[in-house]
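Read off the chains here:
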Amino acid sequence: MPAQDVLVIGLGYVGLPLAVQAARAGFRVTGFDTSAEIAAGLNAGRSHVDDVSAAEVGDARARGLRATSDEAEIGPQDVIVICVPTPLSQADGPDLGAVRAAAVAAGRLLRPGTLVSLESTTYPGTTDEVVRPLLEKTSGLTAGIDFWLVFSPERIDPGNPVYGLVNTPKIVGGVTPSCADAAAAFYGRICEQVVRAASAREAEMAKLLENTYRHVNIALVNEMAIFCRELGVDLHDAIRCAATKPFGFQPFYPGPGVGGHCIPIDPNYLSYKVRTLGYPFRFVELAQEINGRMPAYVTERAAELLNRNSKPVNGARVLLLGVTYKQDIADQRESPARPIARKLRARGAR
Ligand SMILES: NC(=O)c1ccc[n+]([C@@H]2O[C@H](COP(=O)([O-])OP(=O)(O)OC[C@H]3O[C@@H](n4cnc5c(N)ncnc54)[C@H](O)[C@@H]3O)[C@@H](O)[C@H]2O)c1
């Protein structure tokens, strides 16, 4: 019999779209978030996430979606999906505090046959080495025998009008093949295509490979932007021409730095894990250095433009157009607009 009761833990940019789509697919969905404000807002039909409208929340509510911040209100579940944040810790490694707390909560709620899916981005090995022992200890059950455990990376692209949760292929990596079977059956009811990874580790690595690939390629064009200007080359035009090649090239564009939750942060999880082997992940560290210097470069260019008009930065009025980390969204997390504003203000600009 197909699973019926679904619990989504963490109702943010990742968890809310999933909760809404699962309700649409016919599941009885409960959303659990430690923020009472978020739970109350959703229960009142409000959305706090760009890509989910109030109408979609209303529709999901009509189909039975309910949100809570009180774990005591939640009963046993057929499926539990963990979508909590994985910020960087002080030491630049991943802070798995929320993932651990969610795994303990899931452990209390799972019963024989429950599927647990971790969607939070993290380093390879987390599902098997961190989440699995917490679930097994809290529940007294064994993954792969009594319940199913997978990693399934979220690939949401906020503000993308074409690709969303339903039509982006969904990767599932089980700690055992039976775990992947259970996850393929669940996500197959929500997403058009499910892709099976060899195990949870490959699914974890696939997500970090996707984000590292973008991080490194953005750094490549950012570095090129700086010397192209000195060489008198219009890099945007060069990219436009290169992008006409129908194979073997994907365009990336220079900018004032990288923002959002994924690109500036996720590759750190991988470099953290590689460092435990005793050597650095040089591509990621170089990309971080280059992208991290872009706000200072943009500030310097603004000063040059003012100078060309015989104006000092001190006292100049400067308008920053676009403070979110990319177009058509409201998310300002890690936006390079902030360090640019800080640097300009430090030089006296208004
Ligand atoms: N935003 C994206 O575009 C995106 C894309 C792919 C992957 N991810 C990954 O997905 C994960 C979630 O990201 P997000 O952007 O949805 O974060 P978010 O901050 O928007 O949402 C997370 C939610 O979890 C809640 N929460 C925190 N701790 C909790 C706990 N212990 N129990 C229950 N709820 C808790 C928070 O209150 C918040 O509402 C992260 O690992 C992130 O790297 C995000």
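A brief report on the enclosed structure follows. This one's a predicted model, so the numbers in the text were calculated from it and none came from an experiment. (Residues numbered from 1 in each chain as written. Predicted model: local features only at pLDDT ≥ 70, side-chain atom pairs only at ≥ 80, totals over all residues. Heavy atoms only, no water.)

Attention now moves to the site of the ligand. Contacts to the ligand come from 26 residues, most closely from V14, D33, T86, T121 and H261. Take D33: an N or O atom from its side chain is 2.6 Å from an oxygen atom of the ligand. Within the side chain of T86, one N or O atom sits 2.6 Å away from an oxygen atom of the ligand. Isolated, the ligand exposes 830 Å² of accessible area, and the fraction of that covered by the protein chains is 88%. In terms of residue class, the shell around the ligand is made up of 14 nonpolar, 8 polar and 4 charged. (Near = heavy atom within 4 Å. Polar contact = N/O pair within 3.5 Å; in protein donor to acceptor, adjacent residues only side chain to side chain. Areas by Shrake-Rupley, 256 points an atom, 1.4 Å probe, with all protein chains shown as cover. Nonpolar A, V, L, I, M, F, W, Y, C, P; charged D, E, K, R; others polar.)

Attention now moves to the sheet that holds strand 8 (residues 194-196). The strand order 3-2-1-4-5-6-7-8 describes an open sheet built from 8 strands, whose pairing is mixed. One side of each edge strand has no neighbouring strand; the edge strands of this open sheet are strand 3 (66-68) and strand 8. The sheet shows a mean angle of 25° between the axes of neighbouring strands, taken without regard to direction. Sheet analysis places strand 7 (residues 170-174) next to strand 8, joined by 3 bridges and oriented parallel. Directly across from V172, in strand 8, lies its bridge partner R196. (Pairing = 2+ DSSP bridges. Helix = DSSP H or I, 4+ residues; strand = E, 2+ residues; numbered from the N terminus. Axes fitted to C-alpha atoms, helices over the stretch in contact; angles between N-to-C directions.)

Next up on the list: the side chain of T299. Relative to the helices and strands, T299 is located in helix 10 (residues 282-308). What makes T299 buried here is its relative accessible area of 2%. Within the local environment of T299, its side chain forms a polar contact with the backbone oxygen of P295, the two atoms lying 2.7 Å apart. (Buried < 20%, exposed > 50% of the residue type's maximum accessible area, 1.4 Å probe, protein only.)

Right, let's get into empty space enclosed by the protein. Sizing a probe to match a water molecule and rolling it over the atoms shows the empty space that remains. Taken as a whole and judged by the stated rule, the model has 1 cavity of 30 Å³ or more. Approximately 50 Å³ is the volume attributed to the largest cavity. Residue lining of the largest cavity: P153, E154, R155, I156, G164, L165, T168, P169 and K170, and that is the complete set. Looking at the lining of the largest cavity residue by residue, the classes come out as 4 nonpolar, 2 polar and 3 charged. (1 Å grid on protein atoms, 1.4 Å probe; cavity = no way out; pocket = protein on both sides within 12 Å on 5 of 7 lines; lining within 4 Å. Points joined across faces, edges and corners; volume = space filled by probe spheres on them.)

Attention now moves to the environment of T138. Along the chain, T138 turns up in helix 5 (residues 126-139). When residues no more than four places from it in sequence are discounted, the contact partners of T138 are V104, G107 and R108. A distance of 2.6 Å separates a polar side-chain atom of T138 from the backbone oxygen of L134. (Contact = heavy atoms within 4.5 Å.)

Here we take up the nonpolar core. In terms of nonpolar packing, the biggest core is built from 67 residues, with I9, V29 and F186 touching the most fellow members. A225, L235, F252 and V258 belong to the second-largest nonpolar core, a separate cluster that totals 9 residues. (Core = buried A, V, L, I, M, F, W, Y, C linked by side-chain atoms within 4.5 Å.)

A few words now on the pattern of salt bridges. Scanning the entire structure with this criterion turns up 21 salt bridges. Here E136 ties to R132 by a salt bridge, and the two come within 3.3 Å at their closest N and O atoms. Within this pair, E136 and its partner R132 are both found in helix 5, separated by 4 residues, close to a single helical turn. With its nearest N and O atoms 2.5 Å apart, the salt bridge here joins E289 to R293. Of this pair, E289 and R293 are both found in helix 10, 4 residues apart, which corresponds to roughly one turn of the helix. Judged by relative accessible area, which is 43%, E289 ranks as partly exposed. (Salt bridge = Lys/Arg side-chain N within 4 Å of Asp/Glu carboxyl O.)

Turning next to the state of the cysteines. Applying the stated criterion across every chain yields a total of 0 disulfides. In this structure C179 is a free cysteine whose sulfur lies 18 Å from that of C83, the closest cysteine sulfur available. Looking at the unpaired C228, the closest cysteine sulfur is the one in C241, lying at 12 Å. (Disulfide = S-S within 2.5 Å.)

Turning next to a nonpolar patch on the surface. On the surface, a cluster of nonpolar side chains totalling about 280 Å² of accessible area is made up of F227, L231 and V233. Mapped onto the elements, V233 comes out in the loop between helix 7 (200-231) and helix 8 (235-242). (Patch = residues over 30% accessible without salt bridge, like charges linked within 9 Å, V, L, I, M, F, W, Y side chains within 5 Å.)

Along helix 1 (residues 15-24), 9 of the 10 residues are buried, which leaves the element largely enclosed by surrounding structure. Every buried residue of helix 1 is listed here: G15, L16, P17, L18, A19, V20, Q21, A22 and A23. Contacts made by the buried residues of helix 1 are with strand 1 (5-9), strand 2 (28-32), helix 2 (36-43), helix 3 (54-62), strand 4 (77-82) and helix 6 (177-187). Positive backbone phi, approximately 105°, marks G26, located one or two places after helix 1.

The next point concerns the side chain of T127. Mapping T127 onto the fold places it in helix 5. There is a polar contact of 2.6 Å between the side chain of T127 and the side chain of E204. Among residues more than four places away in sequence, those in contact with T127 are L118, R132, L149, V150, F151, V175, A200 and E204.

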